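Understanding the architecture of this molecule
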Amino acid sequence: MTTVKRAMALAALLPCFAMAAPAALASPAKAPSQARARAQVAMALTRITPKSGTANSKIEISGAAKNRTGRQLPGLTVRLRYSAQPVTSRSQLDQIATAQQNSLPNVTRPQPLAQAAAPGVKQNWSFRTSAGQLGLRAPVGTPGVYPMRVEVLNSAQQVVGGLTTFLTLLPKQPRYKPVAVGWVLPLIDRMHRTNDRTFMDDELTEEMSPGGRLSRLVDAGAATDTPVTWAIDPALLDDVQQMASGDYYVKAPGAKKGVKKEKSKVAAAWLTALKNATKGDRYFVLPYGDPDITALVRRKTTRDIGVAFDARNTGIATQVLGRAPDAHVAWPAAGVGGPGTLDQLAKYAIKDSGSFLMSSSQFEEPVTGAQPNATTTLQTHLSSKKTLLYDDTINQIVSGGSGSASGALLTEQRFLAETAMITAEAPSVQRSLVVAPDRLWNPADGLAKDLLTFTKGADWTHEVPLSTIEAAQPQARTFHGYSDDYEKYELGDAHLDQTRSIAKQAAAFRAVMTGPVKISYERAVLRLESVAWRTSQARAKRARRELQDELKRDMHMVRVVPPKNGRVLMGGSSGRLPVLVENRLSDQSVKVRLVVRSENTAKLQLSPLDPEDAVLELRPGERAQRWIPAQAAGNGNFQIHTELLIPDSRGRAYGDGETITVAVTGYGRIALLITGGGLAVLFVGVGVRASRARRRRKAEAAGDGSTGMGSAGTGEPGGGLPGPGLSGPGLPAAEFPGISGAGLPGTGHPPGTGPSSGAPTSGPAAPGAPATGQAAPDPAAGPAEPGDPAGVPGSAAEGEATGGGEHRRRDGS
C-alpha cells in the first residue's frame with residue numbers, strides 16, 4: 001500500500017486540544033468521561049507513517065502537547081510505550097484502545113517537554129525510529145497489528161496525558177484472503193423546513209459549500225474508485241431542490257418576519273456534483289423525512305409510514321438524479337428495530353427483493369463458532385428477508401470522534417488495524433464486512449476519502465459493491481430482538497401527540513381544496529416525525545409551534561367574515577341574516593359547506609339553507625354571501641354560531657368558526673323613522689288647532705260673534721266641528737280640541753287618507769306606502785337584494801349589518 005503522508009499546521013490543532021483524554025482520542029465512541037476529566041495534558045496526533053509497512057519500514061509518530069491545568073507542571077517528559085508482539089484478536093485490540101495501558105512492556109527514552117510545563121503552552125513532540133529498532137517481530141502469513149502509546153509524565157513519573165494508536169505491518173509472504181468490504185454513504189440531514197415554503201434556518205448553504213459536511217461526503221465518493229451504495233433521504237434533496245429552483249424564505253421559529261433568499265447557486269452546484277459522484281454507484285432511498293418508524297409502530301400510528309414511502313414523496317430522488325433507485329435496502333434508525341418495525345420496512349421498502357441493513361449488535365455470533373460475516377437472514381411476518389449486518393465496532397470508530405485532524409488520523413489507523421485483524425482471525429476464510437457510518441456522519445476533511453482509498457489500497461481488504469455481499473450465502477445468526485431499553489431514545493409521546501394534532505388539521509385543510517393542490521402539509525408532518533428530532537427536543541418543540549402557527553394562518557385564509565363589531569341587527573320578529581364567506585388564498589380554490597345554528601333556539605330560530613346553497617365553491621380571492629332566514633320570539637341579543645364543514649364528509653369541521661351576536665328589536669330602523677315622522681306631524685297638528693282655538697275664544701270674548709273661521713252656519717264643515725263618523729250636531733268644539741275626521745287624533749289628513757300613528761289600517765295602503773306588516777325602506781340603505789326585505793345591507797363586513805323584519809300591532813291584530 002502506498003504510504004500516505006499528512007502534515008498539519010500546529011495552529012490547526014487548537015480544536016484538538018479540547019479532546020482531553022488519551023482514551024477519547026484512541027476510541028472516541030467508547031471513551032470514558034472520567035478519563036477526559038483526569039488528563040492534565042492534552043495530546044494531538046499530527047503525523048504517523050507508514051499507514052502500513054514491513055519489518056524494514058521507518059516509523060514517524062508526531063504530535064503536540066498542551067498544558068491545560070492553568071498551573072505550572074515542572075519536569076514534563078514524553079515517551080513511546082509499545083508492544084513488540086502483535087495483537088492476537090479484535091477483543092484485545094479493543095481493550096488496548098479503550099483503556100490507559102500500562103501493560104505495554106516496551107518504552108523508549110523520554111524526551112523533555114519543557115515548554116509545555118507552562119500553563120496554556122503547547123509544544124511539538126516527535127518519535128522517529130524503525131520497526132527494526134523497536135524490535136517489532138515480523139508477522140508470519142497475516143498482517144500484524146502493533147499498539148503504540150504516547151505518554152506524558154510529570155516529575156513524579158505519573159502519566160498525565162497520552163494517546164494510543166496502532167501500526168499495521170505486512171508479512172513477507174502473505175497467506176490470507178482479503179476481507180470483502182462494502183460501503184454505505186449516508187446523504188441524510190436534519191430537518192430544515194416547517195411548511196413546504198419556509199425554512200427554519202439556512203444551514204444547508206454552509207453544509208453544501210466547499211468544506212461543508214455534505215460537500216465532503218459527495219467529494220469523497222467522487223474522488224475514489226471504491227464502489228459505494230448511497231443512502232439518500234428524499235427530504236434532503238427536496239430541500240436542496242427548493243433552494244436551487246428559485247427564491248426561498250428563511251424564518252426562524254418565533255421570528256415575526258422571514259428573510260427572502262435569492263436562488264441558491266451553492267445548492268445548484270451541489271446537486272450537479274451529486275449527480276456526477278453517484279454515476280456508476282447504486283443508491284437506495286429512505287422514507288421521506290426518515291420518520292421514526294419504531295416510535296410510530298409502538299403508538300399504532302403507521303399510516304404515515306406508507307405515505308413516507310409513497311412514490312409521490314420518494315420520487316424526488318428519481319427526479320434529481322435522473323434515474324430510479326437500483327437498490328432496495330431498509331435501514332432502521334441506529335440499525336435496530338423490533339418485529340413491528342421490520343414488518344413495516346419489509347412491506348414498503350424491501351417488498352419482493354432487497355435486504356435489511358442492521359447493526360451486528362442485534363445478532364448473536366454464529367452458533368457453529370465460525371467467524372461472522374455480513375450476510376444473514378431475518379424472519380418477518382411476511383417472509384424471510386436477506387439482512388446485511390454492518391460491523392458495530394467499526395461503525396462507532398468511523399462515526400465518532402473524527403471531527404478533528406488528530407481524531408481523523410487516529411480513526412484511520414484504527415480502521416486499518418480492525419480490518420487487518422478481521423483478515424488475520426481467519427486467513428483462509430473469505431470474510432465480508434459492511435461499513436455504514438451514522439446517518440449524520442460528519443467526518444473531518446479528507447477522512448471519508450482516505451477511508452475509501454484505504455479500502456481499495458490496503459493489501460488485506462478488497463472493495464466490493466454492496467450487492468456482492470448481498471448475493472453471498474447467508475450465515476445463520478440469532479436475532480436478539482428490540483430491547484425495551486431503546487425506547488427512551490425514540491421520539492416521545494408528547495411530540496408525537498402534538499404532531500398528530502397538526503396532521504389532523506392539515507388533513508382538514510387538504511380536504512377542502514379543489515383543482516390542482518398547490519398547498520400541502522403532508523411532507524411537513526413527515527419531516528416533523530423524523531428520527532433526527534431524537535437528539536434535538538428543544539428545537540423540535542420550536543418547529544412544532546412554528547408549523548402549527550403557519551397552518552393556522554393558512555387555514556384562516558378560508559373563513560366566515562365576521563361583522564366589524566361582531567353584531568347583526570334584525571328589526572322585527574323575522575328577517576334574513578347575511579353571512580359572508582371568503583377565500584383569501586392566492587393560488588388555491590376551495591369548497592366548503594356553510595352551517596349556521598342558533599345558540600338559543602327558544603328565542604331565535606334559523607331555517608337551514610338549501611343543500612345546494614349551503615355549499616360554496618370559491619376561487620382564489622373570491623367571496624360569497626348567503627342569507628339565513630330567522631324568526632325571533634322576543635327582543636334581545638342572541639348568539640349564532642357559523643361554521644364551515646368539509647363537503648362530502650360526516651360533519652367534519654373546518655377551522656373554529658365564528659360566533660355572531662344578533663340584536664333583535666321590536667321596531668326596525670325604517671319603522672322607527674316612520675313612527676318618528678308620524679309623531680312629528682301629530683305634534684304640529686295639535687299645535688295648529690290649539691292656536692286656532694285661542695283665536696276663536698278671543699274673538700268670542702270681543703263680542704262680535706265671529707270665529708274667524710268662515711261660515712258658522714249649522715252643519716257647515718269647519719275646523720274643530722265633528723266630521724264623518726261622529727254624529728250629533730252641536731258638540732262644543734272647545735270640549736273636543738284636536739279631533740278630526742274618523743274619530744282619530746287630528747293629524748291634518750282628510751278623512752280616509754290613512755294612518756298617522758304608524759299602526760297598520762285594515763284598508764288598502766296609500767300609494768308608495770309599505771305593505772301591511774313590512775317596514776318602509778330606508779333611502780340611505782341603498783337598494784335591497786331582489787326578494788330580500790328592504791333595509792338589509794349587502795355585506796356583513798361593511799359596518800353594522802341589519803336584517804329585515806316585521807312589526808306586530810300592539811293590540812294583537
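In this text, all values refer to a predicted model and were calculated from it rather than measured experimentally.

**Comments concerning the confidence of the model for the chain**
- The share of residues in the chain with pLDDT of 70 or more is 79%, and the mean pLDDT across the chain is 82.
- Throughout residues 1-36 the model reports pLDDT below 50, and contacts reaching past four residues in sequence, or to other chains, amount to 93 contacts.
- Below pLDDT 50 for its whole length, residues 704-813 participates in 118 contacts with residues either more than four positions away or in separate chains.

**Some points on the packing of helix 6 (residues 213-223) against helix 15 (residues 447-457)**
- Contact pair helix 6 / helix 15: the axes reach a minimum separation of 8 Å and the direction vectors enclose 25°. For the element pair helix 6 / helix 15, the angle class is roughly parallel. With respect to the hand of their crossing, helix 6 and helix 15 are arranged in right-handed fashion. Contacts from Ala220, Gly221 and Ala223 of helix 6 reach helix 15 at Ala448, Lys449 and Leu452.
- Of the residues assigned to the contact of helix 6 with helix 15, the class counts are four nonpolar, one polar and one charged.

**Here we look at the nonpolar core**
- Residues Trp183, Leu187, Trp270 and Phe509 are the most contacted members of the largest nonpolar core, which totals 132 residues.
- Setting aside its immediate chain neighbours within four residues, Trp270 contacts Leu187, Met208, Leu214, Ser215, Val218, Leu236, Leu237 and Val240.
- Counting residues in hydrophobic clusters, the runner-up holds 30 residues, among them Leu76, Ala131, Met148 and Leu167.

**Some points on the packing of aromatic side chains**
- A full pass over the atoms with the stated rule returns nine aromatic pairs.
- The interplanar angle of 25° and the centroid separation of 6.4 Å between the aromatic rings of Trp183 and Trp441 together place this pair among those described as stacked. Remark: Trp441 occurs in the loop between strand 20 (432-435) and helix 15 and Trp183 occurs in strand 10 (residues 179-187); sequence separation between them is 258 residues. Summarising the burial analysis for this pair, Trp183 and Trp441 share the class buried.

Conventions and cut-offs
Residues numbered from 1 in each chain as written. Predicted model: local features only at pLDDT ≥ 70, side-chain atom pairs only at ≥ 80, totals over all residues. Heavy atoms only, no water. pLDDT = per-residue confidence, 0-100. Contact = heavy atoms within 4.5 Å. Axes fitted to C-alpha atoms, helices over the stretch in contact; angles between N-to-C directions. Helix = DSSP H or I, 4+ residues; strand = E, 2+ residues; numbered from the N terminus. Parallel < 35°, antiparallel > 145°, perpendicular 65-115°, else oblique. Left-handed = near helix turned anticlockwise from the far one by under 90°. Nonpolar A, V, L, I, M, F, W, Y, C, P; charged D, E, K, R; others polar. Core = buried A, V, L, I, M, F, W, Y, C linked by side-chain atoms within 4.5 Å. Buried < 20%, exposed > 50% of the residue type's maximum accessible area, 1.4 Å probe, protein only. Phe/Tyr/Trp six-rings, centres within 6.5 Å; stacked < 30°, edge-to-face > 60°.

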